[in-house]
Amino acid sequence: MKKAIVWGMVCIACLLSGCAKKGETDTDLIGFSISTQNNPFFVTLADGAKKQAATDNSTLAVVDAGDDVVKQISDIEDLISKNVKVLIVNPVDSAAVAPAVTAAKKAGIPVIAVDRAVIGETVACQIASDNVAGAKMAGEYLLSLVGEGAEIAELQGIPGASATIDRGKGFHLAVDGKAEVKASLTANFNRVEGLAVTENLLQSHGDLKGLFAHNDEMALGALEAAAAAGKQIVIVGFDATDDAVAAVKDGRLAATVAQQPAEMGKIAVQTAIKLIRGESVPESLPVVVSLITK
């Protein structure tokens, strides 16, 4: 009888404390600091990670920095305090996040960078698309449509993000000396800012023939601005989000570079689990990109 009472008390205590199921203990806890969830690309990235964590019966704690590097650093500090076994980070600012990554490593937590690199600190594994190659591909395609010597412009992503740096590099490798790049302005990977910046561009550069945006959100904003101004300009984006692919299909967007955000999220969690198990992982895992046209 006493054994039955004790066992009943244990069961009640377990229910009240939320006893963890297999894979839901701190020993398997993976932290994921993502730059933003206010962008379809990063929503898909997080969803890919969550799906894989569920498949592997591991616990994934996702925190959204909201494109605020100060918040991201605070989020990472919080994840460190929760004793995550591995930290996955998708930096808002690739250099500014480095001290937080250093802190994680000092706490014995291996770090995986996904989509964007960490500048100024090493990580256990970097999982990303070849942004230089993708942007070079986009620039070459844009140039083939507008012709050499045409006036073009560039909408840049968040300053300091490795994707911004690499996509700018790839784009300029393709077009410098072959077209007139009238402006390279940041719109912070944001659709509303892409619209506003493009409105100003079209007013100041009336002969603009083409535009490359570092992501699809800015490209779609640029499309809205061009349509409102009654301008026909060739626009190429990057990410192949659903909205952008639909715009390519109906001929409004010239092209977009396809990444695989769900696959990157999946690979990040798989790599984290390998690290938890003490397995070795490669320093870099590149994910293939391709150009999507009509």
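Every chain begins its residue count from 1, and numbering advances along the sequence as written. Predicted model: local features are reported for residues with pLDDT of at least 70 only, side-chain atom pairs are reported and counted for 80 or more only, and whole-chain, interface and lining totals are derived from all residues. Calculation of side-chain values draws on the structure's entire complement of heavy atoms; hydrogens and water are dropped beforehand.

Chemist: Help me out: how do you make sense of the overall build of the protein in this one?
Modeler: A run of H or I in DSSP becomes a helix once it reaches four residues, and a run of E becomes a strand once it reaches two; helices and strands are each numbered from the N terminus. When helices and strands are counted, the protein shows 10 helices and 12 strands. Judged by the C-alpha coordinates and their principal axes, the protein covers about 90 × 35 × 30 Å. Relative accessible area decides the class of each residue, using a 1.4 Å probe on protein chains only: under 20% of the type maximum gives buried, over 50% gives exposed, and in between gives partly exposed. Within the span of the protein, comprising 294 residues, buried residues form 47% of the whole. Contact between two residues is taken to exist if any of their heavy atoms lie within 4.5 Å; hydrogens are not considered. Taking the contacts inside the protein whose residues are at least 6 apart along the sequence as the reference set, 72% of them involve residues at least 24 apart. With residues, only the protein chains shown are counted as cover, and all accessible areas are computed by Shrake-Rupley using a 1.4 Å probe. With the model as given, the accessible surface of the protein reaches about 13,400 Å², and the carbon-plus-sulfur share is 55%. Side chains of the protein give 26 positive and 35 negative charges; the mean places of these two sets differ by 8 Å. Note on charges: Lys and Arg go in the positive column, Asp and Glu in the negative column, and His and the chain ends are not counted at all. Where a charge sits is defined by one atom per residue type, namely NZ (Lys), CZ (Arg), CG (Asp) or CD (Glu).

Chemist: Teacher, can you tell me more about the sheet that holds strand 1 (residues 30-34) here?
Modeler: Strand pairing within a sheet occurs via backbone hydrogen bonds; the two strands may be parallel or antiparallel. Read across the open sheet, the 6 strands follow the order 2-1-3-4-5-11; overall the sheet is parallel. Whereas interior strands pair on both sides, the edge strands pair on one side only; in this sheet they are strand 2 (60-64) and strand 11 (284-287). Here the strands of the sheet are splayed against their neighbours by 15° on average, with no regard to which way each runs. Strand pairing is assigned whenever DSSP detects at least two bridges linking the two strands. Summarising the sheet, strand 1 and strand 2 pair through 5 bridges and their orientation is parallel. Bridging from a neighbouring strand, Ser 33 pairs with Val 63 of strand 2. The strands touched by helix 10 (residues 261-276) are strand 1, strand 2, strand 3 (86-89), strand 4 (111-114), strand 5 (125-129) and strand 11; relative to strand 5, the strand with the most contacts, the crossing angle is about 170°. The axes are straight lines fitted to the C-alpha atoms, using for helices just the contacting stretch, and the angles between their N-to-C directions are given from 0 to 180°.

Chemist: Please explain empty space enclosed by the protein as it appears in this structure.
Modeler: Rolled over the atoms, a probe sized like a water molecule indicates the empty space that remains. Using only the protein atoms, space was sampled on a 1 Å grid; points where a 1.4 Å probe fits but cannot get out form cavities, open sets with protein on both sides within 12 Å along at least five of seven lines form pockets, and lining residues are those with an atom within 4 Å of a point. Grid points are joined across faces, edges and corners, and a volume is the space filled by probe spheres set on the points. Tallied over the full model, the rule gives 1 cavity of 30 Å³ or more. Taken as a whole, the largest cavity holds about 50 Å³ of empty space. What lines the largest cavity is Asn 39, Phe 41, Phe 42, Asp 115, Arg 116, Ala 163, Arg 167, Phe 189, Asn 215, Asp 239 and Gln 259. Looking at the lining of the largest cavity, the elements that each hand over two or more residues are helix 2 (40-55) and helix 6 (162-175).

Chemist: What's the story with helix 2 in this structure? I'm lost.
Modeler: Side chains of residues three or four places apart in an α-helix project in the same direction, reflecting 3.6 residues per turn. Helix span, expected: 1.5 Å multiplied by one less than the number of residues in the helix. Compared with the 22 Å implied by 1.5 Å per residue over 16 residues, the 22 Å span of helix 2 between its first and last C-alpha is a close match. All of the buried residues in helix 2 are Phe 41, Phe 42, Leu 45, Ala 46, Gly 48, Ala 49, Gln 52 and Ala 53. Seen from one end, helix 2 has its buried residues packed into an arc of 150°, which puts them on one side. Exposed and oriented more than 90 degrees from the buried face of helix 2 are Lys 51, Ala 54 and Thr 55. Here a polar contact is recorded for every N or O atom pair within 3.5 Å, except that within protein the pair must consist of a potential hydrogen donor and a potential acceptor, and residues adjacent in sequence are included only if both atoms are side-chain atoms. The backbone nitrogen of Phe 41 has a side-chain oxygen 2.9 Å away, supplied by the residue at the start of helix 2, namely Asn 39. After helix 2 finishes, the residue Asn 57 shows a positive phi value of roughly 55°. Starting at the helix axis, one direction is taken to each C-beta atom, and the arc is that of these directions.

Chemist: Looking at this structure, I do not really get the packing of aromatic side chains. What am I missing?
Modeler: Aromatic rings considered in pairs are described by the distance between their centres and by the relative angle of their planes. Aromatic contacts are taken between Phe, Tyr and Trp rings whose centres are within 6.5 Å, Trp giving its six-membered ring; a plane angle under 30 degrees counts as stacked, one over 60 as edge-to-face, and the others as tilted. Enumeration according to the criterion identifies 2 aromatic pairs in this entry. Relative to Phe 212, the ring of Phe 171 has its centre 5.0 Å away and its plane inclined at 25°; by these criteria the two rings are stacked. Remark: Phe 212 occurs in strand 8 (residues 210-213) and Phe 171 occurs in helix 6; sequence separation between them is 41 residues. Taken individually, Phe 171 and Phe 212 each receive the classification buried, so the pair is uniform in this respect.

Chemist: Whenever I open this one, unusual backbone geometry confuses me. Can you help?
Modeler: If a residue is not glycine, its phi is most likely negative; likewise, a peptide bond is most likely trans. Backbone geometry places Asn 188, a non-glycine residue, at a positive phi of 55°. Here Asn 188 is to be found in the loop between strand 7 (180-186) and helix 7 (191-204). What makes Asn 188 partly exposed here is its relative accessible area of 25%.

Chemist: What is the right way to look at the confidence of the model for the protein in this model?
Modeler: Do not read the fine detail of predicted coordinates wherever pLDDT is low. The score called pLDDT rates the predictor's confidence residue by residue, from a low of 0 to a high of 100. Per-residue confidence for the protein gives a mean pLDDT of 91, with 91% of residues at or over 70. Below pLDDT 50 for its whole length, residues 1-26 participates in 12 contacts with residues either more than four positions away or in separate chains.

Chemist: How do you make sense of the pattern of salt bridges when you look at a structure like this?
Modeler: It is possible for side chains of opposite charge to pair when their charged atoms get near one another. By definition, a salt bridge exists where a carboxyl oxygen of Asp or Glu is found within 4 Å of a side-chain nitrogen of Lys or Arg. As enumerated under the stated definition, the model contains 10 salt bridges in all. The partner of Lys 71 in a salt bridge is Asp 75, with the nearest N and O atoms 3.0 Å apart. Of the two residues, Lys 71 and Asp 75 both sit in helix 3 (residues 69-81), 4 residues apart, roughly one turn of that helix. Judged by relative accessible area, Asp 75 falls into the buried class, the value being 10%.

Chemist: For this particular structure, what's the right way to read the domain arrangement of the protein?
Modeler: Many authors give the size of an interface as the accessible area that is lost as the parts come together. Domain boundaries assigned for the protein yield domain 1 (29-128 + 261-286) and domain 2 (131-258). Reported domain spans reflect what an automatic or database domain assignment gives. Between the C-alpha centres of domain 1 and domain 2 there is a distance of 28 Å. We define buried area as the total accessible area lost by two parts upon association, computed with a 1.4 Å probe and summed across both. Carbon and sulfur atoms make up 50% of the surface buried where domain 1 meets domain 2, a total of about 930 Å² over both sides. Contact with domain 2 buries area across many residues of domain 1, yet Asn 39, Phe 41 and Arg 116 alone supply 39% of it, more than any other trio. Between the two partners, domain 1 and domain 2, sit 0 salt bridges. At the junction of domain 1 and domain 2, the tally comes to 3 residue pairs in polar contact (both at pLDDT 80 or more). Lys, Arg, Asp and Glu make up the charged group, whereas Ala, Val, Leu, Ile, Met, Phe, Trp, Tyr, Cys and Pro make up the nonpolar group; the residues left over, Gly among them, are polar. Considering only residue class, the side of domain 1 that touches domain 2 consists of 6 nonpolar, 2 polar and 4 charged.

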